[in-house]
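# Results of the structural survey
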Amino acid sequence: MFPLRDHNPSGRTPYVVYLLMAVNILGYFWYSTTFASDRSLAMFYAAFAATPREIMAGQEPLTLLTSMFIHGGLMHLAGNMLFLWIFGDNLEDEMGPLRFLAFYLICGIGATMAHVLSAPNSAVPLVGASGAIAGVMGGYLLLFPRARVDILIILVIFFRIIPIPAYLMLGIWLAMQFFGGFNADPNGAGVAYWAHAGGFFLGFLLTIPLWIKRGGPRFWRRTHGLPPHPQAQYSASRIPRVTRRAPAPRSSPWGK
């Protein structure tokens, strides 16, 4: 199950999302080509990745920031940038560029600390923007729980794109993080599940003041959990089209 796009067009150009994507992508191709040998690349990761044991000892605090701009491989980078592209523009639209940038960085640092606390003695370096992006997903869930997200379902030879509500897609994703976190060794290499879960909840909490400013439960009742503007419609040609007709009333932001 892979998310491909949402039906929630932003009202302004997401310059910060573009900037973050550019820094991550260009940075990856720079260090992956500059440090061509395994030894030199390992030394680079050791210098800029976040290692829980060092963080707990009060060493290398800047790696809490630098680690979120480093990725362990091309697929790691591509997956993170896809999620940032889908969910980031709407949060930047709601928060404004500078607040969104601060929100993103705080979520990334908080997510890294969640991982550090889950494995304080680990000597395995942590890299990736997924904790910060998980925070973006948490904020998105609070503001747009019923926004439609197109996901690609792959079952052997069966391929299909279906739209589902954001709360369902993000809820399944979050459940997977808890399942993985409880069944994986936090001191070993692999996915930093608790960084993802921690970033998600931090992003959700940090978005509550904006949600309250928008009206809190009244915002949900007014929008029915949908984006407060016409949703994008995708034709067979895959060219997005925004309808002018308002969405039909719904009984609850979370469904019937």
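Everything numeric in this text was worked out from a predicted model, so none of it was measured.

## Details of the side chain of Thr112
- Here Thr112 is to be found in helix H6 (residues 97–118).
- Assessed through its relative accessible area of 5%, Thr112 is described here as buried.

## Re the pattern of salt bridges
- Counted under the stated rule, the structure contains three salt bridges.
- Between Asp150 and Arg5 there is a salt bridge, with the nearest N and O atoms lying 2.7 Å from each other. A residue pair is termed long-range when its members are at least 10 positions apart, and Asp150 in strand E2 (residues 148–155) and Arg5 in strand E1 (residues 2–6) qualify at 145 residues.
- Owing to a relative accessible area of 4%, Asp150 belongs among the buried residues under this scheme.

## Observations concerning the pairing of E2
- Bridge analysis of E1 against E2 gives four bridges, and the strand direction is antiparallel. Residue Arg5 lies in a different strand from E2, and its bridge partner there is Asp150.
- Bridge count for E2 against strand E3 (residues 158–165) is eight bridges, and the pairing is antiparallel. The residue bridging Ile154 from the neighbouring strand is Phe159, located in E3.
- From the end of E2 to the start of E3, which pair antiparallel, there are two residues, and Val156 there has a positive phi angle of about 60°.

Rules of the game
Each residue is numbered by its place in its chain's sequence as written, counting from 1. In view of the model being predicted, local features appear only for residues whose pLDDT reaches at least 70, and side-chain atom pairs are presented and counted only at 80 or more, with totals across whole chains, interfaces and linings using the full set of residues. Side-chain descriptors were evaluated using all non-hydrogen atoms of the structure, hydrogens and water having been removed beforehand. Numbering of helices and strands starts at the N terminus; helices are DSSP runs of H or I of at least 4 residues and strands are runs of E of at least 2. Type-normalised accessible area, obtained with a 1.4 Å probe on protein chains alone, sets the label of each residue: buried when under 20%, exposed when over 50%, and partly exposed for intermediate values. A pairing counts as a salt bridge when a side-chain nitrogen of Lys or Arg comes within 4 Å of a carboxyl oxygen of Asp or Glu. When DSSP finds at least two bridges between two strands, those strands are taken to pair.

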